[in-house]
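# Coordinate inspection notes
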Amino acid sequence: MIQTENLCKAYNDLMVVKDLNLKVEKNDIYGFLGPNGAGKTTTIMMLLGLVPKSGGKIYLLGNEMKPNNVELKRKIGVVSENQYFYRDMTASEYLNFFGEIYEVENRQKRIDKLMSAVGLEKEKNKNLGAYSKGMQQKLAFVKALLHDPELLILDEPVANLDPTSIKQIRDLIEEEHEAGRTVFVSSHLLSEVEKLCKKVGIINQGKLLAEDNMDNIKRKLSDTVTIRTELNQEAQNLEPVLSNLPFIKAFQSKENKIEVQLKTDRDYRKDLSEAIFNSGYIILSMQAKEMSLEEAFITITQQNISLLTDRGNGQ
Ligand SMILES: Nc1ncnc2c1ncn2[C@@H]1O[C@H](COP(=O)(O)OP(=O)(O)OP(=O)(O)O)[C@@H](O)[C@H]1O
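Residues numbered from 1 in each chain as written. Predicted model: local features only at pLDDT ≥ 70, side-chain atom pairs only at ≥ 80, totals over all residues.

### Here we look at the overall build of the protein
Looking only at helices and strands, the protein features 11 helices and 15 strands. Dimensions of the protein, computed from C-alpha atoms along their principal axes, come out at roughly 75 × 50 × 30 Å. Scored against the burial criterion, the 315 residues of the protein give a buried share of 31%. (Helix = DSSP H or I, 4+ residues; strand = E, 2+ residues; numbered from the N terminus. Buried ≥ 20, exposed ≤ 12 C-beta atoms within 10 Å, placed from the backbone.)

Here you go:
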């Protein structure tokens, strides 16, 4: 759906995107992440043909992207940080204007459905000049989806939104994804990305450092997983038993709760349960404390760790 090969961008002598090899598959919801100034917006602008690239290739929907490829652009829906609106038009006039240009079938029905999905059904006759930032952003979503694009490219799509609106947009993205759309989304709101995206790409200083599904990224970053277990009685005799097991790297207990660090070369939870049970304890609950996307993001970007060495792309 989106593939870049050694994509580069230089402003004067400064390389801000360096040999970027992205791969977004059909029907992915792909989170494109990176610290401020990492090169996300520049990359998105190049994908859309709005900023010329300095080198490399871009393929969208299987075709090489050329800035004047109008047919290809029609298959893409875009929400960017700064949208331009005609302030004197009502939302309804604005959407009908674009609906006509895109030749959207059942236009009014589609507009009504999308406006109601983002909670703007009662605001459709209001002038856009009177729309708040959040309302403008939701309207940008409606416009992006109006023509049934195959690919959605979203740059900070929920930046101005309140929690209820964020959920409306998340639900809408999930619904559109289930209808077969591929979604490429850049956002600093990592809790949202974590809820929405299966796969993420992380860039830092213009270079791709990681591109994988979230679980693989977390696993690659950590050689242990923390398991918290609650037992039916105080864990006083367990330490000598568990500390001797080769798959346990650390152990601590307090009253009837224990916390162990398990190796991650395979899933050792069954082995742990058996060892605890054979020592005469009953497990009341067991939880894995997962690394959050935020922890993974900070580790990768602050230490500039590349998880891509196995892809042989030299990054
Ligand atoms: N028109 C421009 N001229 C010169 N340098 C630019 C221009 N646009 C962006 N840059 C530089 O390119 C780098 C990447 O910027 P970009 O906006 O792509 O980052 P970003 O990852 O989207 O950041 P943020 O999360 O802060 O929006 C930054 O160092 C920025 O200063």
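### Examining the UniProt feature "domain: ABC transporter" (unreviewed entry) in the protein
Mapped onto the present numbering, the UniProt feature "domain: ABC transporter" (unreviewed entry) falls at residues 2–230. When the span residues 2–230 is considered, its composition is 34% helix and 29% strand, and the gap between its end C-alpha atoms is 46 Å. (UniProt positions renumbered as here; feature names shortened; annotations may be inferred.)

### Section: the sheet that holds strand 10 (residues 199–204)
Read across the sheet, 6 strands follow the order 7-8-9-4-10-11 without closing on themselves; strand pairing throughout is mixed. Every interior strand has two partners, whereas the edge strands, strand 7 (76–79) and strand 11 (207–213), have only one. In this sheet, neighbouring strand axes are inclined to one another by 15° on average, regardless of whether the strands run parallel or antiparallel. Set on the sheet, helix 5 (residues 133–145) makes contact with strand 7 and strand 8 (151–155); between it and strand 7 the angle comes to about 170°. (Pairing = 2+ DSSP bridges. Axes fitted to C-alpha atoms, helices over the stretch in contact; angles between N-to-C directions. Contact = placed C-beta atoms within 7 Å.)

### Observations regarding the domain arrangement of the protein
Splitting the protein by domain gives domain 1 (2–213) and domain 2 (223–303). In this assembly, 9 residues from domain 1 lie in contact with 5 residues from domain 2. Counting only elements with at least two residues in the side of domain 1 that touches domain 2, the list comes to helix 7 (190–196), strand 10 and strand 11. Considering each element in turn, the side of domain 1 that touches domain 2 owes the most residues, 3 residues, to helix 7. A class-by-class count of the residues in the side of domain 1 that touches domain 2 yields 7 nonpolar, 1 polar and 1 charged. (Domains from an automatic or database assignment. Nonpolar A, V, L, I, M, F, W, Y, C, P; charged D, E, K, R; others polar.)

### Topic: helix 4 (residues 107–117)
Buried residues of helix 4: Ile111, Leu114 and Met115, and no others. Each buried residue of helix 4 lies within a common arc of 100° when the element is viewed along its axis, so the set occupies one face. (Arc of directions from axis to C-beta.)

### What to know about the pairing of strand 14 (residues 257–263)
Taking every second residue as pointing to the same face, the buried face of strand 14 carries Ile258, Val260 and Leu262, while none of Lys257, Glu259, Gln261 and Lys263 on the other face is buried. Relative to strand 14, strand 12 (residues 224–231) runs antiparallel, the two being bridged by 7 bridges. When the sheet's bridge partners are listed, Ile227 is paired in strand 14 with Val260. The pairing of strand 13 (residues 248–254) with strand 14 spans 6 bridges and is classified as antiparallel. Across the sheet, the residue bridging to Ile248 is Leu262, located in strand 14. Count of turn residues in the strand 13/strand 14 antiparallel hairpin: 2 residues, of which Glu255 carries a positive phi of about 50°.

### Topic: the nonpolar core
In terms of nonpolar packing, the biggest core is built from 61 residues, with Val142, Ile153 and Phe184 touching the most fellow members. Residues within four places of Val142 in sequence aside, it is in contact with Leu95, Leu114, Met115 and Val118. Ranked by size, the runner-up nonpolar core spans 11 residues in total, among them Val225, Ile258, Leu272 and Ile276. (Core = buried A, V, L, I, M, F, W, Y, C linked by C-beta atoms within 7 Å.)

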